[in-house]
Amino acid sequence: MTPTPETSKVLNIFLLIAQYPIMASPIRRRMREELFRRGIISQERFEDEIREKAVESQLREGITPKNEDPDQWNLRFHRVRRTLTDFYFAYNLPIELLEGIVKEVLEKHTDSTVVADLQRRFNPELAPLSMVLNQAESFENLPEKQRTEVVHHLQELRVVMLKSLVSDQLAFINVAKQWFTTADFNYILKNRIGTGKVGGKAAGLLLAYKILQNNAPEIFEQVVVPRSFFVGADIFYQFLANNELDFIGQKYKTVEQIRAEFSHIQDQFTRARFPDEIADRLREILNEVGRMPLIVRSSSLLEDNFGTSFAGKYASFFCPNQGTPSENLRDLTLAIRCTYASVFSPDALMYRRRMGLLDYDERMAILLQEVQGERLGSYYLPTMAGVAYSYSPIVWNPRIHREDGFVRLVMGLGTRAVDRVGTDYPRLVNLSHPQLRPEVTPKAIRYYSQHYVDLLNLEKNKKITLPVEDVLDDRFPGLRWIASVDDGDTISPPLTVGRHLDPKNLVLTFDSLLQHSQFVPLLKTILSRLSDEYRMPVDVEFVVSLKQAGSSPELVFHLLQCRPQNRWQSEGASLPVVPTDLSEKHLLFSCSKMVPQGYVDQIDYIVFVDPEKYHQLESAQDYTEVARQVGKLNKALEEHSFILIGPGRWGSTDFKQGVSVTYADIFNARALIELISTQQGYSTEPSYGTHFFQDLVETQIYPLAIHPEEDEDTINLDFIREAQDRATDFLKDETRARKCIKVIFIPGETAGAKLEIAMDGQCGMGYFVEQS
């Protein structure tokens, strides 16, 4: 039977007092004093009711009142008095008042034996959270010698508070319990709306900040965390129940059903409403932040966890917050509702299925943060933002040290650092050799640079994208540190900054920042301290603000997110051996740029998207259909080992640059092979460091880029073109998009041989191996 709210109140009071059995009598005595003092019931009436209830219990047991043993009657009388005390208090007074009474009673008992007994008997797993917090505060405030004696109790209390407020993931708790204090839990409670945990993204952010606060004192003054608020994870289920949104079982449907029904789910969520008390708290937050732009970020219970980052799976939304109070509240609640809806998106559910997490309770908390940046006319944006990794799974030069990490830098909002966007490129920096670029010539440096910037237009009250030259001029803060001048022959930092600089000749290189500031040492320190405590590589998202200070800028590092970084090769694993004596007929491909480390064997199928036929498609709908057909093959071949080979950038948002698949379309593949043509102008960067790239790492899908026009790279297109097409075994639709796709059953073309792929970090090779 589910307890009613009333019975739950009585139970909470009983459990609270049960934590202090030897103090139960004085605690209930004070409770009765409050009841009498406040006029809730008179002492005379209370005593009369005790006798009445005690006599009723005698009659229920068949005992004649006058015949009961006096000692038994006294025991009965006291039990009824205890029950009535709890009952009247629960129905008429707040639990916070009782917590104050308990604290008051405990403070009166200073006898060390009593205190030690209370510490021994205290069960934080059953106690109300506020009581656990108060107990932890009392332990933290003890003199050092006495605190040492109760440190094991204190750690237990912190673990309970972490599980209640932050995360119940054991790997996280194992690290976090060393760093969180009651001040941190009070901060969460002060800034939390509703009940429930604050979720994985908020957990990672808070933990990283605590680690740097304690383990990096030499740089900590340069590290800040945005002003943040939390919508507790329990609100998600309340929201579903209040609006009769019954989609919890959606995760068990087929991928076709999930994909077909998601737009309906989104529509239902946008029509739903928050209860008044939640809307009122959000309104208070908007009043508190004023006209500061906000970002609504997902923070689900599983997000940013060890082994499962959910990178890019759930939605986040910018709220410029420049309308009327009612418009700002409307936009904020809509952003939260749309973030809630993304729990049921195809990408999120297929990721959970692939990672074996479908059965886990995936409630969605929300992290609300002030957007970090500054105003520039009607625009609002940071000078620079990015995502940094403490380990480089792919390098472009043998001099690079993987353990020093790498970073993707952009001007403006960090969305362009983590998303794979069309023909736009962030600055890719390896921290062991920050000036060693993948590109060499001025033409290549300009081409593989950032051409567009994401920012907030405060006048239009929305996020927009503009060409860099429309924003970057001599008035832009930090211009000299992030831009270089292209004079036609060379690209170099500007000697002076002024109106003589033509924005069309500026290229975002970040060269001066990397050469003449403390950015690289600062970032290396942050990454190393965090990865040391996590005991594994990490990645962080950040914003950096610059202030001119002589020959070098002052840097402020705005920490936005931190999570464990996954790797293809487990630490200590030996590198695969790439064959060097293969005959031409046994070699399918070889590649030499940005190769990961790993090995894939027993590959049965190749799914090939023909570059020539792909670029002959006539409409955007045709290009989108190619991605959907690949998704169907991903489902059809889920019991087999297969790879994908196609033109340009898999997962690009610009279909002309590559097939616009999402994670839900490719999660069963073992490798993604990108055919890079310089004639087509494709990128040399195979998703490196994006959310899409993170998906591939976590699910052990290897990205490889083949440049057929370069001597070091080869692909046997004759084998692919001459092989029998088995696509009709899996795809029944005869569309223009379908004609671009070929499915090859490898053993059927090689007398039983299968494909293997070996990658040692410098070279990757796909070759046929006969099966014994």
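Residues numbered from 1 in each chain as written. Predicted model: local features only at pLDDT ≥ 70, side-chain atom pairs only at ≥ 80, totals over all residues. Heavy atoms only, no water.

Chemist: Sorry, what's going on with the sheet that holds strand S15 (residues 491–492) here?
Modeler: Strand-to-strand pairing in sheets goes through backbone hydrogen bonds, with the strands running parallel or antiparallel. The strand order S15-S14-S16 describes an open sheet built from 3 strands, whose pairing is antiparallel. Each having just a single partner strand, S15 and strand S16 (506–508) make up the two edges of the open sheet. (Pairing = 2+ DSSP bridges. Helix = DSSP H or I, 4+ residues; strand = E, 2+ residues; numbered from the N terminus.)

Chemist: I tried to follow the sheet that holds strand S8 (residues 379–381) on my own but got confused; where do I start?
Modeler: Read from one edge of the open sheet, 4 strands run S7-S8-S12-S13, paired in antiparallel fashion. Only two strands of the sheet have a single partner each, and these edge strands are strand S7 (374–376) and strand S13 (462–467). For this sheet, the mean angle separating the axes of adjacent strands, direction not counted, is 45°. (Axes fitted to C-alpha atoms, helices over the stretch in contact; angles between N-to-C directions.)

Chemist: Would you mind showing me how to read the domain arrangement of the protein chain here?
Modeler: Bring the parts together and some accessible area is lost; that lost area is often taken as the interface size. Looking at the protein chain, the domain boundaries give domain 1 (1–109), domain 2 (379–564) and domain 3 (584–769). Placing the centre of domain 1 and that of domain 2 at their C-alpha centroids yields a distance of 65 Å. (Domains from an automatic or database assignment.)

Chemist: Where do I start with the nonpolar core in this structure?
Modeler: Counting residues in hydrophobic clusters, the biggest one holds 100 residues, and the most contacted among them are Leu-409, Met-411, Leu-472 and Phe-519. Leave out the neighbours within four places in its chain, and Met-411 touches Leu-381, Thr-383, Met-384, Gln-450, Val-453, Val-468, Val-471, Leu-472, Phe-476, Ile-482, Leu-508 and Phe-510. Core analysis: the next-biggest nonpolar cluster, separate from the first, contains 73 residues, Val-289, Phe-344, Leu-672 and Ile-741 among them. (Core = buried A, V, L, I, M, F, W, Y, C linked by side-chain atoms within 4.5 Å. Buried < 20%, exposed > 50% of the residue type's maximum accessible area, 1.4 Å probe, protein only. Contact = heavy atoms within 4.5 Å.)

Chemist: Where do I start with helix H12 (residues 199–215) in this structure?
Modeler: An α-helical turn contains 3.6 residues, so a residue and the one three or four places further along point in the same direction. Along its 17 residues, H12 runs 24 Å from first to last C-alpha, staying within 8% of the 24 Å computed at 1.5 Å per residue. When you tally the buried positions in H12, you get 13 out of 17 residues, the bulk of the element. (Expected span 1.5 Å × (residues − 1).)

Chemist: When you look at the packing of aromatic side chains in this model, what are you seeing that I'm missing?
Modeler: Aromatic rings considered in pairs are described by the distance between their centres and by the relative angle of their planes. Within this structure, the stated rule accounts for 31 aromatic pairs. When the centroid spacing of 6.2 Å and the interplanar angle of 85° are considered together, the rings of Tyr-187 and Phe-230 count as edge-to-face. Taken together, the residues Tyr-187 in helix H11 (residues 182–191) and Phe-230 in strand S3 (residues 228–231) connect sequence positions 43 residues apart. A relative accessible area of 32% means that Tyr-187 is categorised as partly exposed. When the ring of Tyr-447 is compared with that of Tyr-448, the centres are 4.9 Å apart and the planes differ by 85°; the resulting orientation is edge-to-face. Taking relative accessible area as the criterion, Tyr-448 reaches 14% and is therefore assigned buried. A network of ring pairs unites the aromatic residues Phe-236, Tyr-237, Phe-239, Phe-247, Phe-269, Phe-274, Tyr-340 and Phe-344 as a single cluster. (Phe/Tyr/Trp six-rings, centres within 6.5 Å; stacked < 30°, edge-to-face > 60°.)

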